[in-house]
Amino acid sequence: MRLVRTFLFLVFSIIGHVQYCNVNANDENEHVYNNHWVAEIDGGLDHAKRVAEEHGFEIESQLVSLEDHYHLKRRDVPHRSKRSADHHTKRLSDDSRIRFVEQQHEKRRVKRGHEIYSRAIADRIARSTGELNDPQYGQQWYLDERNDTGIPMDMGVRGAWKLGVTGRGCKVTILDDGLEKDHPDLEENYDASCSYDFNDRDGDPQPRLDKTNENKHGTRCGGEIAMVANNGKCGVGVAFNAKIGGLRMLDGKVTDGLEGDALGFVVNADISSSSWGPNDDGKTLEGPGPLAAKGIHRSITKGRGGKGSILVWAAGNGAMFGDNCNCDGYTSDHRTLSVSSVSESGTSPWYSEKCASTLTSTYSSGEAGDRKVVSTDLRHLCTNGHSGTSAAAPMAAGILALVLEKNPNLTWRDVQHLVVLTSRPQPLKKASGWYVNGAGFCVSLSFGFGLIDAHGLVHKATDWQTVPEQKTCRVTVTPDKFPKNFTSGNQVEVEIQTDGCKSQENEVNFLEHIKLILNLNTTKRGNIYAEIESPSGTITPLMLERKFDASKVGFKNWPLNSAHTWGEDPSGIWKFRVADRQSDASEEHELLGVTLELLGTREMPEQYKKLDQGKCDVTDRSPTIEEIKVEHDPLYKLKHLFESY
């Protein structure tokens, strides 16, 4: 009977994920265009109207957060078409009064909650502490120091509370499908100033309710952060005195203009949490469009008085499909803080994607019998079933609200450094795949630098000294080295010599992130494996195979991001290797170009000068290629789920 239940769980989970992610709609080039353009026109609204009218357009609305950006439309363009109206776009772009123009097309976006379409397994109730009267507080196992099996579970949240921080004075906004602002466990903390409805273009982020489309995701994410404490309702938020807002944007057609407007609006908050992105189907490769990129730039440069809003992003739920979060340009962007999941047993959940750009991890749901996350639910209800990396990102956002209360002077990069320095690999040491970088940090494709530690973050933030300005040293391999051709069962290697731009304005001697910008033609993109070896000898897998990715589009100026060489000196020879390790296949590939971007500081930040990093105490060796493949393999995940019963 147990085997039957397990089989049904797997079948319904897979069906649910397929329905949720719309895996049949995967080709990033198959766009459905509409009759809307976004244009940047200086000179005010009246001037913009005149310019638009000269070209046969009318201004429908102005973007909320991006200055001098307008929605334009034509009446003579079909409402929906798979073909872009390039001739109209060209006429607009040729006008010197128009600084930017882009025809809009619909983007497929999925929420990163793990939905199970089977009978729920009853949650085990953790021991009641008696500290708060919120009825589900005792079920918030991830706030306890250890679970009933004795496994350390501490993310340091209650330890941070004991230091007197509860998120007071900090504003967090959820970019999602809305926020039930009148929920009895949220309304006291609701803040209209960091809320907006980008789907209906008004100030009310209340979710749309109907039988076919219940938009509960944003309300669940918001409750994790800011459920009111000790009010006799639901549970307690990680930052229960923080203010919470919602940006409703996922309940309708999503375009680059909408994303850019919403991401730019984040300047009205201290922290944002995004638990969504391109399809986690193992075959989509997509990142922010030009307007979304503008929105991100606006928030990190103008948010919090120039210190930058903190953009927290869920790493993704596509591991069952072999997906890799370095194929998602939102969560892998070095300006966002990417968060992965940890199961109740301290391992990587079957859905949680792996890549080198993830910085940290929080507890979320895991295997079939593991407990999930307590939060608010639609229609003034409560839930103990929130899950996936959708639950991990807001958990981290709430913890960072505690940090900003303690030290509101932190920049967005200060926060990243704090996360790197305080995340703890020790509670996750039973998981495979840890290795040590050249600066002595434990790093993992599954967990980044480890489990987030609220107490450690707040403690270290108390007397934090702002890190030096970030520099970018760009090293392009000369064109005469390319193209390099290889076939299945083979690899090519490119050596990249750099002195870190020594004696130049952009000199980098202490690494934060790196980007390997890849240009590659291929007959099957999913066969590609890529890794980089730093001058210190750290070997980082930048891309793992994706079995379901049969695209022939390849990688066009695609950034493969990594934080795994954090703290190293970049000077020396970097070795980039790209391979097709499928010896039984017959694919052909052509490496066209490689550029390495080194992001870091000229001087080592003060906090590292007195840091005794020592030897990583989780492991003393790099993972073997076979270990990485097995841990990443979707079939391994299925096998592991069977064995968990």
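Rules behind the numbers
- Residues numbered from 1 in each chain as written.
- Predicted model: local features only at pLDDT ≥ 70, side-chain atom pairs only at ≥ 80, totals over all residues.
- Heavy atoms only, no water.
- Buried < 20%, exposed > 50% of the residue type's maximum accessible area, 1.4 Å probe, protein only.
- Helix = DSSP H or I, 4+ residues; strand = E, 2+ residues; numbered from the N terminus.
- Polar contact = N/O pair within 3.5 Å; in protein donor to acceptor, adjacent residues only side chain to side chain.
- Pairing = 2+ DSSP bridges.
- pLDDT = per-residue confidence, 0-100.
- Contact = heavy atoms within 4.5 Å.
- Axes fitted to C-alpha atoms, helices over the stretch in contact; angles between N-to-C directions.
- Salt bridge = Lys/Arg side-chain N within 4 Å of Asp/Glu carboxyl O.
- Expected span 1.5 Å × (residues − 1).
- Core = buried A, V, L, I, M, F, W, Y, C linked by side-chain atoms within 4.5 Å.
- Disulfide = S-S within 2.5 Å.

Some points on helix 9 (residues 412-422)
Alright, step 1. The buried fraction of helix 9 amounts to 11 of the 11 residues, a majority that puts the element mostly inside the structure.
Alright, step 2. Buried within helix 9 we find Trp 412, Arg 413, Asp 414, Val 415, Gln 416, His 417, Leu 418, Val 419, Val 420, Leu 421 and Thr 422.

What about the side chain of Ser 348?
Alright, step 1. When you line up the elements, Ser 348 lands in the loop between strand 13 (336-342) and strand 14 (360-363).
Alright, step 2. According to the relative accessible area criterion, Ser 348 is buried, its value standing at 5%.
Alright, step 3. Polar side-chain contacts of Ser 348 include one of 3.1 Å to the side chain of Lys 354.

Overview of the pairing of strand 7 (residues 171-176)
On a regular strand, each side chain points to the face opposite its neighbour's, so the side chains alternate between the two faces of the sheet.
Alright, step 1. For strand 7, a buried count of 5 out of 6 residues is recorded, marking the element as mostly surrounded by other parts of the structure.
Alright, step 2. Here strand 7 runs beside strand 9 (residues 243-248); their pairing, made up of 6 bridges, is parallel. Counted as the bridge partner of Asp 176 is Arg 248 from strand 9.
Alright, step 3. Where strand 7 lies against strand 10 (residues 271-274), 4 bridges are found, and the strand directions are parallel. Looking at strand 10, one finds that Thr 173 is bridged to Ser 272.

Structural notes on the confidence of the model for the protein chain
Alright, step 1. Predicted confidence across the protein chain gives a mean pLDDT of 87, with 85% of residues reaching 70 or more.
Alright, step 2. For residues 1-27, every residue scores under 50 in pLDDT, and the model assigns this stretch 47 contacts once sequence neighbours within four places are set aside.
Alright, step 3. Low pLDDT, under 50, characterises residues 634-645; the stretch is placed with 32 contacts to residues that sit more than four places away or in other chains.

Here's the deal with the environment of Lys 460
Alright, step 1. Among the structural elements, Lys 460 can be located in helix 10 (residues 454-461).
Alright, step 2. Lys 460 gets classed as partly exposed once you look at its relative accessible area, which sits at 31%.
Alright, step 3. C-alpha of Lys 460 to C-alpha of Leu 418: the two residues are 42 residues apart in sequence and 7.4 Å apart in space.

Remarks on the sheet that holds strand 24 (residues 539-543)
Alright, step 1. Overall, antiparallel pairing links the 4 strands, which are arranged 21-26-23-24 in an open sheet. Two strands lie at the open edges of the sheet, namely strand 21 (490-498) and strand 24, each paired on one side alone. Neighbour-to-neighbour, the strand axes of this sheet turn through a mean angle of 20°, independent of strand direction.
Alright, step 2. Strand direction decides the pairing type here: strand 23 (residues 528-533) and strand 26 (residues 572-580), joined by 6 bridges, are antiparallel. Paired with Glu 531 across the two strands is Arg 577, which belongs to strand 26.

With respect to the pattern of salt bridges
Alright, step 1. Overall, the coordinates contain 37 salt bridges when judged by the stated rule.
Alright, step 2. Note that Arg 109 and Glu 286 form a salt bridge whose closest N and O atoms lie 3.0 Å from each other. Pair noted here: Arg 109 is in the loop between strand 5 (98-105) and strand 6 (110-111) and Glu 286 is in the loop between strand 11 (276-277) and helix 7 (290-302), with a separation of 177 residues, a long-range link.
Alright, step 3. Here Arg 109 falls in the buried class, since its relative accessible area comes to 15%.
Alright, step 4. When its relative accessible area of 15% is taken as the criterion, Glu 286 is described as buried.
Alright, step 5. Across the salt bridge formed by Lys 471 and Glu 469, the nearest N and O atoms sit 3.5 Å from each other.
Alright, step 6. What makes Lys 471 buried here is its relative accessible area of 11%.

Regarding helix 8 (residues 388-406)
Because an α-helix completes one turn every 3.6 residues, residues spaced three or four positions apart along the sequence face the same direction.
Alright, step 1. Taking 1.5 Å of rise per residue, 19 residues should cover 27 Å, and helix 8 covers 29 Å from first to last C-alpha, within 8% of that figure.
Alright, step 2. When you tally the buried positions in helix 8, you get 17 out of 19 residues, the bulk of the element.

A closer look at the nonpolar core
Alright, step 1. Ranked by size, the top nonpolar core spans 98 residues in total, and within it Tyr 142, Ile 271, Val 312, Leu 400 and Leu 402 carry the most contacts.
Alright, step 2. Sorting elements by how many residues they give to this core places helix 8 first, with 12 residues.
Alright, step 3. Formed by 32 residues, the second largest nonpolar core is a distinct cluster that contains Cys 327, Cys 501, Ile 528 and Met 543.

A short note on the state of the cysteines
Alright, step 1. Applying the stated rule across the entire model yields 3 disulfides.
Alright, step 2. Linked covalently through their sulfurs, Cys 325 and Cys 355 form a disulfide whose S-S length is 2.2 Å. Residues Cys 325 and Cys 355 are joined by a disulfide whose S-S torsion is about -110°; by sign, that bridge is left-handed. Placement of Cys 325 in the loop between strand 12 (310-314) and strand 13 and of Cys 355 in the loop between strand 13 and strand 14 is noted, with a sequence separation of 30 residues between them. As far as burial versus exposure is concerned, Cys 325 and Cys 355 are alike and both buried.
Alright, step 3. Between the sulfur atoms of Cys 473 and its disulfide mate Cys 501 the distance is 2.1 Å.

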